[in-house]
Amino acid sequence: MEQMKRRKFLGVSAVGMAAVAGSGVLVPAIANAANVAGWPAAAFDAKKLDEAMKDSIDTTSVKTSAKVRLTAPTIAENGAAVPVTVDVDHPMTADDYIESVYLYVDHNPTPLASAFHFTPDSGHAYFQERIKMAKTDMVRAVARTNKGVMMSSKPQEIKVTIGGCGG
Amino acid sequence: MNLSRRDFMAMMGIAGATGFLSPSAIASSWGSGKDPYEIPEYGNVTLLHITDTHAQLLPVWWREPGTNIGTREQKEWGVTPHMVGDKKLEYYGIKAGTPEGYALSCMDFDTLAHKYGKIGGYAHIATLVKRYREQVGKKAILLDGGDAWQGSATSLWTKAEDMVGAQNLLKEDYFVGHWEFTYGADRVEYLLKHKLKAKFLSQNVFTIPWDEPVFDPYDIREVSGRKVAVIGQSFPFTPIANPAYFVPKWSFGIHPGHMQKMVDECRQKHKADIVLVLSHNGADVDKKMASQVNGIDIILGGHTHEIMGPRPVKINNTLIINTSTNGKFLARFDLDVGKGKLNGWRFNYLPIISNMIPEDQEMADYINKVRAPYAKKLAEPLAVTESLLYRRDNFNGTFDQILCDALREEMDCEAAFSPGFRWGYCKLPGETITMEDVMGQTAITYPQVTVTEYTGAELKNVMEQVADNLFNPNPYYIQGGDMIRVGNIQYTMNPGETIDKRITDLRVGGKMVQANKRYKVAGWGAMQKVEGTPVWDIFAKWLRSKKTVSANPRDLPVLTKNMAGNPGIAFPKEYDL
Amino acid sequence: MAAIGNPMIRMASHAKKGQIVEVRSLIMNPMTTGLSKNKAGKLIPAHFIQTVTVTFNKKPLCNVDWSTAISANPYMAFKMRAVESGTLEMTWKDNTNGVWSSKAAITVA
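Residues numbered from 1 in each chain as written. Chains lettered and ligands numbered in written order. Predicted model: local features only at pLDDT ≥ 70, side-chain atom pairs only at ≥ 80, totals over all residues. Heavy atoms only, no water.

A. Geometry of the domain arrangement of chain B. Residues and elements named next belong to chain B. For chain B, the domain assignment lists domain 1 (38-60 + 118-368) and domain 2 (374-575). With 34 residues of domain 1 at the interface, the matching set in domain 2 holds 25 residues. Between domain 1 and domain 2, the buried area comes to about 2,800 Å², and carbon and sulfur atoms account for 67% of it. A per-residue breakdown of the area domain 1 buries against domain 2 is headed by Leu156, Trp157 and Tyr245, which together make up 22% of the total. Across the pair glutamate 306 and arginine 422 runs a salt bridge, and its minimum N-O distance is 3.5 Å. The interface formed by domain 1 and domain 2 includes 9 residue pairs in polar contact (both at pLDDT 80 or more). The set of elements that each furnish at least two residues to the side of domain 1 that touches domain 2 consists of helix H7 (153-157), helix H10 (238-241) and helix H12 (283-292). Looking at the side of domain 1 that touches domain 2 residue by residue, the classes come out as 17 nonpolar, 14 polar and 3 charged. (Domains from an automatic or database assignment. Contact = heavy atoms within 4.5 Å. Buried area = accessible area lost by both parts, 1.4 Å probe. Salt bridge = Lys/Arg side-chain N within 4 Å of Asp/Glu carboxyl O. Polar contact = N/O pair within 3.5 Å; in protein donor to acceptor, adjacent residues only side chain to side chain. Helix = DSSP H or I, 4+ residues; strand = E, 2+ residues; numbered from the N terminus. Nonpolar A, V, L, I, M, F, W, Y, C, P; charged D, E, K, R; others polar.)

B. View of the interface of chain C and chain A. Each partner contributes residues to the interface: chain C has 57 residues there, and chain A has 53 residues. Summed over both sides, the interface of chain C with chain A buries roughly 4,700 Å², with 53% coming from carbon and sulfur. Joining chain C to chain A, the criterion identifies 1 salt bridge. Lys59(C) is the salt-bridge partner of Asp121(A), the closest N and O atoms lying 2.9 Å from each other.

C. How the structure looks around the confidence of the model for chain B. Residues and elements named next belong to chain B. Residues at a pLDDT of 70 or more form 94% of chain B, whose mean pLDDT is 94. Across residues 1-19, where pLDDT falls below 50, the model places 20 contacts with residues more than four positions away in sequence or in other chains. Two numbers describe this predicted complex: its pTM, 0.92, and its ipTM, 0.95. (pLDDT = per-residue confidence, 0-100.)

D. How the structure looks around the pattern of salt bridges. Residues and elements named next belong to chain B. Using the criterion set out here, one finds 37 salt bridges over all chains in the structure. Between aspartate 173 and arginine 133 there is a salt bridge, with the nearest N and O atoms lying 4.0 Å from each other. One end of the pair, aspartate 173, is in the loop between helix H8 (161-170) and strand E3 (174-175); the other, arginine 133, is in helix H6 (residues 122-136), and 40 residues separate them in sequence. Judged by relative accessible area, which is 17%, aspartate 173 ranks as buried. The shortest N-O distance in the salt bridge between arginine 422 and aspartate 482 comes to 3.0 Å. (Buried < 20%, exposed > 50% of the residue type's maximum accessible area, 1.4 Å probe, protein only.)

E. Here's a closer look at the sheet that holds strand E7 (residues 125-131) of chain A. Pairing in this open sheet of 6 strands is antiparallel, and the strands run E3(A)-E4(A)-E7(A)-E6(C)-E3(C)-E1(C) from one edge to the other. The sheet is open, and its two edges are formed by strand E3 (68-71) of chain A together with strand E1 (5-10) of chain C, each paired on a single side. On average, adjacent strands in this sheet sit at an angle of 15° to one another, irrespective of strand direction. Where E3(A) and strand E4 (residues 82-88) of chain A come together, 4 bridges link them in antiparallel fashion. In the strand pairing of E4(A), Leu70(A) is matched with Val86(A). (Pairing = 2+ DSSP bridges. Axes fitted to C-alpha atoms, helices over the stretch in contact; angles between N-to-C directions.)

Now the structure itself:
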């Protein structure tokens, strides 16, 4: 039922710090660091929500739809691992299916957190993952169908607080 | 004025405990002279509910809050539970001075306390539980809403085992948790697996990282040929309101979606005729959850220690109660459960006025036995109080005021913070504060006192964050604590504002706080692991040195004028309103 | 250095044809952002999983691109329509040429 086969193991011993000076800023780099082929660097490097949306979905305004459901805690138990679930109530047939779902955290250093890509065989455009948040912020998901129709979840506020003082 | 207990009693014309009304006199003040605990049988299922006893095996004094503000922004202005004092009595048509008036409001508390006596006590609760079990037989289910393991010296020192013994003697059926988790996941699992006979249920606790349920989410039992489903809901904010390091591999949360799934599973898969939720959400969160989740018949709630008047609150088709704290009430629901639906119900809150209910001998013997090894230490007299000491209030309770005074003086700090906990019982003017009473305000598993140098900006941020846990318009942000207690910190508070804007005119020692200046603040109950002396040692040392204490002056905020007339404020003058 | 790799998949071993099954997965990876400093005050380099690809019987099922905003030791759950028996394979790749994969089998009746 559960397989834990490790196929390939690369990188660990090769990880080392090689600080490279560039334009007066120390840019740390990993010896053999290289982006994985096809990884959308521009969208992930964008520092502002608008840019991140432009670079990933080519627009900054998407209509909200109750069909895109984003579930997250109102208050984070741990800002380093906030569980977020997105599911889209939409057919998953060969003709009409959710192709991609993008997740954004408005004021993270790079707002685009992830980009999921589905096929009709997924059966349900659904994912759960855990994200980092440094402070109270809005999280939103945008879904795009294979026909290019886009819809957004209601943005949800997740509070990152100091805690304490509970009843 | 310095006052010994004897002087005080003489002044009040009270000759010790004999000054209390006799049980029959109390009964007659209830009206008609008949036994107020006599409840006629009705229906086919009887629920008995206690919650948040905070490990008080013996009867204590418990005063309802004088301040429990709901704002217009929250749509909770004057809505239960945000209604206190006279306003609450008036709203529910309860006469002041009656046993219900004593139990449900803070008005004339010390006078009525002398008249009616202490509330709660497991030996008294046990008598009533046994009586009702005898009356209704197998129709009865006893549910405990959590926070039973924390709040007393003996629970802390026995790591909750004294309470588990009492729960077993009561023959509790179901249990959920909050402060229980502060004994650490291993201790919780051990006691639940090997000691506690009640079933622990929680639909909202999951493992990290695999996100699998830690506990059974619900249980189905057959009563009178009907299927009764009980779903458990532990405190959703456990790793936020209390240190997360106690439960590093468990995640919590409200999970209304999963709750809906559980309700549907109970109804569709198990053909439950009635669905109950035993909840430690707190009153405001329960009300919102009931508005989102369909198919819950009754939420038996706790956590916020907010008795919402004498009747259940109804949201859509869900009845909600919140059964106070410290053993003050036993709630009884008599239900007529039909095929797949609740046909009818009767409800009673039964105040456990200990002078009116004889002790159950078995429980009394048990309590004596578990307390015996600690009795001497607990009885140590420390100081006499001149003022009524209580904790529960939105802002500095009087007990917290003297605790903050103690922290400041003992730690040589210009200011002090103390958590806005809602447990901690009362002491009447003239009474001696013992070591047991100090533990009754401080018995937690993370008691270290720390001294922190906050910048003015950090000081304000701490207070704003806590205020938002109390006054946020979205109930799902309300964690169920009160405002952080302060020593020598003055401020103006606007509960109707948003985070970072509620607090203005913040001062330490009367001087305006400057954002970059550092302030030395004593505190306890840190969220991270810290070194330090337990707060009870520091509090006890200070009390011994004082001999008599009083909670004056109090560091209460000034409330903004938009709070004038708020039914959640019984004594507006205290806030310059 | 903390543990790295060790990918795991949890999925039902049996399903009915047409049923939507949930697949859950975990892998050890620091997921460092490149923005935070170590105790010596030096920036910790970015080191994170960038892509996860999922196939069923070698046919693409879904894939994800991740940023440094994903938590350390990333967990991911997703769904699949069970059509036929076979093997699900997941492959994680990080920005240091690290590649890991894991398989899980399901019998569909």
